[in-house]
Amino acid sequence: MSDRYARQIAVPEIGASGQARLDRASVLIVGAGGLGSVVLQYSSAAGVGRLTVVDHDRVEESNLHRQPLYRVRDLGAWKAVAARDALLETNPQTCVEPVCERLTPANVARLVAAADVVVDAADSFAVTYTLSDECRRTCKTLVSASVLGLTGYAGAFCGGGPSLSRCIPGDAVTSGYMRRIGSARNRSGCRWRSAGADNAILYSGVAALALGSADLDGLSQPAFRRLSFTGAQEPNAQATLGFICASQVSPTDVVIDLRTSAEISAMPFASTLRTAVDGVANLKPQLPRSCRVVLCCRSGSRAWRAARLLQAQGYESLALLALG
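The following refers to the structure shown. (Residues numbered from 1 in each chain as written. Predicted model: local features only at pLDDT ≥ 70, side-chain atom pairs only at ≥ 80, totals over all residues. Heavy atoms only, no water.)

1. Focus on the overall build of the chain
Helices and strands together make up the secondary structure of the chain, namely ten helices and ten strands. In the chain, 67% of the contacts between residues at least 6 apart in sequence involve partners at least 24 apart. (Helix = DSSP H or I, 4+ residues; strand = E, 2+ residues; numbered from the N terminus. Contact = heavy atoms within 4.5 Å.)

This is the structure we're talking about:
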């Protein structure tokens, strides 16, 4: 084995056998921004054998202050491709597969299937829930993190334990310290040190799981608040809300678009109702209970809140759609 990992192999908890496990591991990282770019660097440097990086964005100048994987020469390039090129410059022994597309319900099964550990480092409520649902279905471990301003969260879900999308109340995910409303890129600020702190936890979780350890106690630091969801119960199927793709919308569905006029560039459906989240109740006369109601917004968070309002009114056939 290369001397590259000699100092890591010298750690008793890793050793040669642990390094071999890392070499055999396959990690799917969704999002190559402030969180994902650093996790990719650490994972490649540590000797994780296969990394699949999924990101549909290109490198912008505003990314450079908190996404140290990229350089000025990368401006305009696909992030997934630029990430691969940068990683191979420092560790050509790692296999890096760039996927320059958005993660959706249509491709999530294919992407998750080949991974041992899945990392949610995106800035999308819809991506988080879609990954959590697929990891729960396939019993894969999901490591998820998010940063907004000076706060954030990081944790491990699914893999036989509670799922992020079902056991944690959606209100906790869409508001407060776990919120994903907006994105660090477009609407909300993000300081590099906040991303760095979450990255330390995020990578530590990936490494522990790739090494076959479920003990994440070593990730605790005094500045972090720790929460446990051990023993949380999954709700019944009738109460769950799931995301679909635009191609899965049928002519018999009633589509409600919750985006503002400034957000709408194009709508893929000929007939659509438009309102804000708090106006959904006023549409009840136009929502036959015999039809499925599809709620759309940019990231999925407003669609989730609106769907919960309709669930409280007795609507059962609901679907969510993130239109970006």
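2. Considering helix α3 (residues 36–46)
Think of an α-helix as turning once every 3.6 residues; residues three or four places apart then point the same way. With eight of eleven residues buried, α3 lies mostly within the body of the structure. Buried within α3 are the following residues: G36, S37, V38, V39, L40, S43, S44 and A46. Phi turns positive, to about 100°, at G47, one or two residues after α3. (Buried < 20%, exposed > 50% of the residue type's maximum accessible area, 1.4 Å probe, protein only.)

3. So, the sheet that holds strand β7 (residues 254–257)
On the basis of which strands lie adjacent, the open sheet formed by four strands has the order β8-β7-β9-β10 and parallel pairing. A single partner strand is all that each edge strand has here, and the edge strands are β8 (273–274) and β10 (318–322). Sheet topology note: the strand β9 (residues 293–297)/β10 ladder contains five bridges and is parallel. Considered in β10, the bridge of C297 is made with A322. Here helix α10 (residues 301–312) sits on the sheet and contacts β9 and β10; the angle it forms with β9, its principal contact strand, is near 150°. (Pairing = 2+ DSSP bridges. Axes fitted to C-alpha atoms, helices over the stretch in contact; angles between N-to-C directions.)

4. Notes on the environment of A109
Mapped onto the secondary structure, A109 falls in helix α5 (residues 108–113). Distance from A109 to T130, taken between C-alpha atoms, is 9.7 Å for residues 21 residues apart in sequence. Beyond its immediate stretch of four places on either side in the chain, A109 contacts E134 and R137.

5. Considering the pattern of salt bridges
A complete count under the given rule lists nine salt bridges for this structure. Put simply, E97 and R50 hold a salt bridge, and the shortest N to O gap is 2.9 Å. Within this pair, whereas E97 is found in strand β3 (residues 95–99), its partner R50 is found in strand β2 (residues 50–54), the two being separated by 47 residues in sequence. E97 gets classed as partly exposed once you look at its relative accessible area, which sits at 34%. (Salt bridge = Lys/Arg side-chain N within 4 Å of Asp/Glu carboxyl O.)

6. Side note on unusual backbone geometry
In this structure, C139 takes a positive phi of about 60° despite not being glycine. One can find C139 in the loop between α6 (125–138) and β5 (141–148). At C158, a residue that is not glycine, the phi angle is positive and equals roughly 60°. Here C158 shows up in strand β6 (residues 151–158).

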